[in-house]
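# Coordinates in review
What follows is the residue order along each chain.
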Amino acid sequence: MAFCAINLCVMVAFPRWETIPFYFIWISLTLVYGFRAWSAKSTACVVAVVTLATFAAIGYDVSVHVQSAGELDEVPLMAAMFGLMVWHVQRRLAADGEWRLVSEENARLLSMQRRFLQDASHQLRTPITIALGHAELLAQDLSGRTERSDVDVVVGELTRLRRLGERLLVIAASEDPEFLRPEPVALNSFIAQVIRKWIPTAPRRWELGRLDPVTVNGDRERLGLALDALLENAVRHTGAGDAIRLSVVVKDGAPHMIVADTGSGIAPSELESIFDRFRTGIGAGGSRGTGLGLALVRAVAHAHGGEILARSEPGLGSEFEFVFPARAADDPATSADELAVPPGTDPCDADTTAMEEPWPNGIR
Ligand SMILES: Nc1ncnc2c1ncn2[C@@H]1O[C@H](COP(=O)(O)OP(=O)(O)OP(=O)(O)O)[C@@H](O)[C@H]1O
Ligand SMILES: [Mg+2]
């Protein structure tokens, strides 16, 4: 206001130079208006005052024959330009307001959906566990009898239902800010521990590939769930003679946790959608999955700021890469014995150069 008043005085005091203070007034008005949009009413009042004041000042300069009457045209033109700018700002504000409403609504719907998934999984868990417990008891009582196979089907389906509930819970929770409890995780020893757990579960050629000594900031439990889901798939889609290899490779500063197998592989047409929820591909082996394993892996990868990549060749095998964000926090803290795994898969025995050779199925 003071600045405008001074400029108005200058317009009258120095009529020859009235253009500069005239523009200073409108520029300063635009500047102040831009910081926070005023209500339509106060905007209209201020614009009216400024328009009249500058018009009067120029009118004075015309009356003393220093300026031509044509100068007066600038006032309504400037006011019109300012008005247009106000209109755009109002439209932008309205659009932002709509946008905020929509995103708030989306956030509300998303959290409702998440809460529903969490509640549903919780509610499902108890009766399933009870039913499963009883079915398993029944199966024991019926061992050796024909009815046993029916009860086994029940146990199988209840187990699948329980896993479905657990996975839904993890996927639903994955977008919660508190989803992860990050800690330094030395990937090579983490991988060694996981493979040790899996070796007894299925007769495969379990192998450890390259194990770059890298530590990531991650949630050990969630990473374990993701790796289990990948290994479960690898076991389900391989046969006794097939190999399953786990590796840790740092590429361009980003640690990659790789699970590769020489199993059935995935058709290119399916590769696109295997990460979608409830997507179970053709040839999923004997037991039926819930189609949530890879969706869970992707949720855990995204929660760590990373991603999951898949490459596969039907008949040659598949390779899944859990990629952490590019932060190479080298930590060779891993002690030698932590890497030791049972005979036949001990990476130390293997000729490391062999590990650099291309993976038999050529997809590496
Ligand atoms: N290593 C693999 N080799 C071949 N096919 C695979 C492999 N991993 C995943 N797939 C394909 O991707 C599909 C989706 O995998 P995902 O783990 O999400 O679901 P699922 O294994 O069918 O069920 P769930 O893991 O929930 O029990 C599988 O059904 C399978 O067709
Ligand atoms: Mg699976």
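Residues numbered from 1 in each chain as written. Chains lettered and ligands numbered in written order. Predicted model: local features only at pLDDT ≥ 70, side-chain atom pairs only at ≥ 80, totals over all residues. Heavy atoms only, no water.

Our next topic: the environment of Trp-17. Counting through the fold element by element, Trp-17 comes out in the loop between α1 (2–13) and α2 (19–35). In this structure the C-alpha to C-alpha distance between Trp-17 and Gln-67, which are 50 residues apart in sequence, comes to 9.4 Å. (Helix = DSSP H or I, 4+ residues; strand = E, 2+ residues; numbered from the N terminus.)

What follows concerns the environment of Glu-175. Tracing the sequence through the fold places Glu-175 in the loop between α5 (147–173) and β1 (183–186). Residue class for Glu-175 comes out partly exposed when judged on its relative accessible area of 45%. Sequence separation between Glu-175 and Ala-303 is 128 residues; the distance between their C-alpha atoms is 7.0 Å. In this structure Glu-175 touches Leu-110 and Arg-114, once residues within four positions along its chain are discounted. (Buried < 20%, exposed > 50% of the residue type's maximum accessible area, 1.4 Å probe, protein only. Contact = heavy atoms within 4.5 Å.)

What follows covers the site of ligand 1. In the vicinity of ligand 1, 24 residues are found, and the nearest of them are Arg-167, Asn-233, Arg-236, Thr-290 and Leu-294. In this structure, an oxygen atom belonging to ligand 1 sits 2.8 Å away from a side-chain N or O atom of Asn-233. Leu-294 is positioned with one of its backbone polar atoms (N or O) 2.8 Å from an oxygen atom of ligand 1. In the complex, the protein chains occlude 99% of the 590 Å² of accessible area that ligand 1 would expose alone. (Near = heavy atom within 4 Å. Polar contact = N/O pair within 3.5 Å; in protein donor to acceptor, adjacent residues only side chain to side chain. Areas by Shrake-Rupley, 256 points an atom, 1.4 Å probe, with all protein chains shown as cover.)

What follows covers the confidence of the model for the chain. With 87% of its residues at a pLDDT of 70 or more, the chain has an overall mean of 85. Predicted confidence for residues 332–343 stays below pLDDT 50, and this span has 26 contacts to residues more than four positions away or in other chains. Low confidence marks residues 350–364, where pLDDT is under 50. Its contacts with residues over four positions away, or in another chain, come to 27 contacts. (pLDDT = per-residue confidence, 0-100.)

When the terminal C-alpha atoms of helix α7 (residues 220–236) are compared, their 24 Å separation across 17 residues agrees well with the 24 Å that a helix rising 1.5 Å per residue should span. Across the 17 residues that make up α7, a large majority, 13, are buried. Backbone nitrogen of Glu-221 and a side-chain oxygen of the N-cap are separated by 3.0 Å at the start of α7; the cap is Asp-219. (Expected span 1.5 Å × (residues − 1).)

With that out of the way, let us pick up the packing of helix α6 (residues 187–198) against α7. Axis separation between α6 and α7 bottoms out at 11 Å; the angle between their running directions is 45 degrees. One finds that α6 runs oblique with respect to α7. Here α6 and α7 pass one another in a crossing that is right-handed. Contacts between α6 and α7 involve Phe-190, Ile-191, Gln-193, Val-194, Lys-197 and Trp-198 from the former and Arg-220, Leu-223, Gly-224, Leu-227, Asp-228, Leu-231, Glu-232 and Val-235 from the latter. Partitioned by chemical class, the residues of the contact of α6 with α7 number eight nonpolar, two polar and four charged. (Axes fitted to C-alpha atoms, helices over the stretch in contact; angles between N-to-C directions. Parallel < 35°, antiparallel > 145°, perpendicular 65-115°, else oblique. Left-handed = near helix turned anticlockwise from the far one by under 90°. Nonpolar A, V, L, I, M, F, W, Y, C, P; charged D, E, K, R; others polar.)

Our next topic: the pairing of strand β5 (residues 254–261). Summarising burial for β5: eight of the eight residues are buried, a large majority. Every second residue of β5 is oriented toward a common face, with Ala-254, His-256, Ile-258 and Ala-260 on one face and Pro-255, Met-257, Val-259 and Asp-261 on the other, all of them buried. Sheet analysis places strand β4 (residues 243–251) next to β5, joined by eight bridges and oriented antiparallel. Bridge pairing links Leu-246 to Val-259 in β5. Sheet analysis places β5 next to strand β7 (residues 317–323), joined by six bridges and oriented antiparallel. Its bridge partner being in β7, Met-257 is matched across the sheet by Phe-322. (Pairing = 2+ DSSP bridges.)

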